Amino acid sequence: MTTSQAVVTIVGAGPGDPDLITLKGLKALKQADVILYDALASPLLLEHARPSCKCVYVGKRKGKKEFSQEEINQLIVFYATRYEFVVRLKGGDPNVFGRAHEELEYATKRGLTVHVVPGISSAISAPNAAGIPLTKRGVNESFWVVTGTLSSGEISNDIYLAAQSSATIIVLMGMSHLRAIASIFQQARSSNEPIAVIQHATLPEQKIVTGTVTDIVQRVEAYEVSSPAVIVIGQVVNERIALQSLIHAEMNRA
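Overview of the structure. Everything numeric in this text was worked out from a predicted model, so none of it was measured.

**Some remarks on the overall build of the chain**
Okay, so step 1: When helices and strands are tallied, the chain shows eight helices and twelve strands.
Okay, so step 2: Taking 18 Å as the expected radius of gyration for a compact globule of 254 residues, we find that the chain reaches 20 Å, a close match to that expectation.
Okay, so step 3: By principal-axis analysis of the C-alpha atoms, the chain measures approximately 65 × 45 × 35 Å.
Okay, so step 4: When burial is assessed residue by residue, the chain has 46% of its 254 residues classed as buried.
Okay, so step 5: Contacts in the chain between residues far apart in sequence, at least 24 positions, make up 65% of those at least 6 positions apart.
Okay, so step 6: Positive and negative side-chain charges in the chain, numbering 24 and 23 respectively, have mean positions lying 2 Å apart.

**Re unusual backbone geometry**
Okay, so step 1: Omega for the bond connecting Ser227 with Pro228 falls within 30 degrees of zero, at 0°, which places this linkage in the cis form.
Okay, so step 2: The backbone of Thr202 sits at a positive phi, close to 75°, despite the residue not being glycine.
Okay, so step 3: Within the secondary structure, Thr202 is located in the loop between strand E10 (194–199) and strand E11 (207–212).

**Here we look at helix H3 (residues 100–109)**
Okay, so step 1: Inspection of H3 places Ala100, Glu103, Tyr106 and Ala107 among the buried residues, and these make up the whole buried set. One side of H3 holds all its buried residues, which, seen down the axis, span an arc of 130°.
Okay, so step 2: The inward-facing, buried residues of H3 contact strand E1 (7–12), helix H2 (69–80), strand E6 (85–90) and strand E7 (113–117).
Okay, so step 3: Trailing H3 by a residue or two, Gly111 shows a phi angle of about 85°, which is positive.

**Digging into the sheet that holds E7**
Okay, so step 1: The sheet built from five strands is open, its strands ordered E3-E2-E6-E1-E7 with parallel pairing. Unpaired on one side and paired on the other, strand E3 (54–57) and E7 mark the two borders of the sheet. The average angle at which neighbouring strand axes cross in this sheet is 20°, direction not considered.
Okay, so step 2: Note that E1 and E6 share six bridges and pair parallel. Note on E6: the bridge partner recorded for Val8 is Val86.
Okay, so step 3: Most of the contacts of helix H1 (residues 23–31) go to E6, to which it runs at about 130°, and overall it touches E1, strand E2 (34–37), E6 and E7.

Rules behind the numbers
Residues numbered from 1 in each chain as written. Predicted model: local features only at pLDDT ≥ 70, side-chain atom pairs only at ≥ 80, totals over all residues. Heavy atoms only, no water. Helix = DSSP H or I, 4+ residues; strand = E, 2+ residues; numbered from the N terminus. Rg over C-alpha atoms; globule rule 2.2 N^0.38 Å. Buried < 20%, exposed > 50% of the residue type's maximum accessible area, 1.4 Å probe, protein only. Contact = heavy atoms within 4.5 Å. Lys, Arg positive; Asp, Glu negative; His and termini not counted. Charge placed at Lys NZ, Arg CZ, Asp CG, Glu CD. Arc of directions from axis to C-beta. Pairing = 2+ DSSP bridges. Axes fitted to C-alpha atoms, helices over the stretch in contact; angles between N-to-C directions.

Written out as structure tokens, the structure reads:
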């Protein structure tokens, strides 16, 4: 198998629940000769692979980078020179802070045919799974998705810009800077600005903590919520709180 004959498919695995992968992504997994999968991709998805398929873990976690991005790029090309169909399985959507385009460029420059299958981003699915609408008429006009942490480990400068807007803000990879993020929004908006932290979104072990930017750090610590988690900031968080109150009222009435 020459490099030019191989096909690499970058597949978004979705937010965690294996049922949330797309049909096109599932078809790619069933066809694959090799699957290079991330830490955030559900291992249950590998059960759809053929018995002969080679499954290779190339995960990266904060503080535990088993493989650098350059090594992952090289592995994609390595396997594509030896197998016909290679799948790169990435958590969420591969192009939402997933570095998929770096992999696409690297492989394309080396003569590979590359396809990308979108996935459901945790930026969209986590608020939905927590009962928080990303948009609601009369409450907000837009939502922003921002990374909380740069590759250098520093807090993103866009957090400061986001706090000055009236938009709902979804922060990915921001738990290590949660205290600083809460403080920024407290100063730019209000000490009562609603905030939610969602860990393991869409999974049975999902945890949801809501509060304000003033008390969220204490609440997160009390409920032992940690990374990876999605942070949602804005008035739409109150819609979950109102819904929970309605549910409890109906249950008591019954």
